[in-house]
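# Tertiary structure, described
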Amino acid sequence: MIMDKINCYLLCNGQARAYVARTTQMADKARETHGLSHTAAAALGRTLTCAAIMGVQMKNDDDSLSVVFAGDGPLGKITVAAKNDGSVKGYVENPTLELMRRPDGKLNVGGAVGLGRMTVIKDLGLREPYVGTTELISGEIAEDFAYYFAVSEQQPCAVALGVKLENDKVISAGGVILQPLPGCSEEVLQFLESSVPLITDVSSLFEGNTADEVGQILFYPVQHSLEGTFDVKYNCDCSRERLEKLLITLGKDELQDMIDKQGGAELTCHFCNKKYWFSADDLRQLMQ
């Protein structure tokens, strides 16, 4: 089995950087976890892929980020969280939504997401988290991330994301980000622009190919070096202890109300659908 991985490359003696992410198993784990339709799997898989790339760019183990797509389409919100170890998790509000394909035969992710706003929150251990918000320009995810990078982070780049399904299973998923760096020459910019058509059908590019092989396909004409490599996985780190802290924040009156009306509390994690039951005795202990 070809393993999921993110490769980071420096191109042309440091004039540009590229991220090549193969995320097939990760995207299929998300599909299986949430019972996603094809359209929902494509939308969430694309978002998870780009969030994973953004996550491995963070320096510290405790750093984290979240991405929320709040469009006006029938899919509802897309919420994704990522860490710097390549682990990601996420969910969509309407996981079984399916739309007719576009006239070109591709999944209608843009119609499902709609227009609205995307928000990126980075918790980097500072006093306040970084929050960047931009408009959704298409709902197709990749174009919206590219717009966010250019506007909110002042980093123009090309972003390609793709998820391909067959027989209700993700058979190929991945992403490529190309970033010119300060001092990038006109010649290198032209190379990056010429590479964009190669990544437009990125899911086919990763079908049967490793991240290393895709990197060679894209960058063989120019000097390139592997700057880093990261494993990618869909992983939810929810725990009973975390939910106990959440329940405590509700206060004694709310916990007592749960005891009186329900005899306890059942909480479900949005990211992995795992259920946690807290009995009346459990809640009484938390009240103390």
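These notes cover the structure that comes with them. (Residues numbered from 1 in each chain as written. Predicted model: local features only at pLDDT ≥ 70, side-chain atom pairs only at ≥ 80, totals over all residues. Heavy atoms only, no water.)

### Things to note about the sheet that holds strand E10 (residues 224–231)
One open sheet holds the five strands; their spatial order is E8-E9-E2-E1-E10, and the pairing between them is antiparallel. At either end of the open sheet lies a strand with only one pairing partner, and these are strand E8 (158–166) and E10. Here the strands of the sheet are splayed against their neighbours by 10° on average, with no regard to which way each runs. Relative to strand E9 (residues 169–180), E8 is paired through nine bridges, and the arrangement is antiparallel. The residue of E9 that forms the bridge with Leu-161 is Gly-175. In the packing of helix H5 (residues 186–195) onto the sheet, contacts are made with strand E1 (5–11), strand E2 (16–22) and E9, and the angle to E9 comes to roughly 160°. (Pairing = 2+ DSSP bridges. Helix = DSSP H or I, 4+ residues; strand = E, 2+ residues; numbered from the N terminus. Axes fitted to C-alpha atoms, helices over the stretch in contact; angles between N-to-C directions. Contact = heavy atoms within 4.5 Å.)

### Topic: the environment of Tyr-234
Mapping Tyr-234 onto the fold places it in strand E11 (residues 233–234). The exposure class assigned to Tyr-234 is buried, which follows from its relative accessible area of 8%. Remark: the alpha-carbon pair of Tyr-234 and Thr-33, spanning 201 residues in sequence, is separated by 9.7 Å. Sequence-distant contacts of Tyr-234, defined by excluding residues within four places in its chain, comprise Met-26, Lys-29, Ala-30, Thr-33, His-34, Leu-48, Val-88, Lys-89, Gly-90 and Phe-271. Looking at Tyr-234, its side chain comes within polar contact range of the side chain of His-34, at 3.1 Å. Among the polar contacts made by the side chain of Tyr-234, one reaches the main-chain carbonyl oxygen of Phe-271 at a distance of 2.6 Å. (Buried < 20%, exposed > 50% of the residue type's maximum accessible area, 1.4 Å probe, protein only. Polar contact = N/O pair within 3.5 Å; in protein donor to acceptor, adjacent residues only side chain to side chain.)

### Let's talk about the packing of aromatic side chains
Following the criterion strictly, the structure yields five aromatic pairs and no others. Aromatic side chains Phe-69 and Phe-145 sit 5.5 Å apart centroid to centroid with 65° between the ring planes, which places their arrangement in the edge-to-face category. Of the two residues, Phe-69 sits in strand E3 (residues 64–71) while Phe-145 sits in helix H4 (residues 142–152), which places them 76 residues apart along the sequence. One aromatic cluster in this structure is built from Phe-69, Phe-145, Tyr-148 and Phe-149. Taking NZ or CZ as reference, Lys-89 lies 4.6 Å from the ring centre of Phe-271, over its face. In this structure, Arg-240 is placed above the aromatic ring of Phe-278, and the distance from its NZ or CZ to the ring centre is 4.1 Å. (Phe/Tyr/Trp six-rings, centres within 6.5 Å; stacked < 30°, edge-to-face > 60°. Lys NZ or Arg CZ within 6 Å of the ring centre and 35° of its normal.)

### A look at the nonpolar core
Formed by 58 residues in total, the largest nonpolar core has its most connected members in Phe-69, Leu-75, Ile-78, Val-113, Phe-145, Phe-149 and Val-159. Once you skip the residues sitting within four places of it in the chain, Phe-149 turns out to touch Cys-50, Met-54, Gln-154, Gln-155, Cys-157, Val-159 and Ile-177. (Core = buried A, V, L, I, M, F, W, Y, C linked by side-chain atoms within 4.5 Å.)

### Comments concerning the state of the cysteines
Tallied over the entire structure, the rule returns zero disulfides. Looking at the unpaired Cys-238, the closest cysteine sulfur is the one in Cys-272, lying at 3.6 Å. (Disulfide = S-S within 2.5 Å.)

### Things to note about the side chain of Gln-179
With respect to the helices and strands, Gln-179 occurs in strand E9. Looking at Gln-179, the relative accessible area reads 8%, which means it is buried. Excluding residues that lie within four positions of it along the chain, Gln-179 makes contacts with Ala-16, Arg-17, Tyr-19, Gln-155, Pro-156, Cys-157 and Leu-192.

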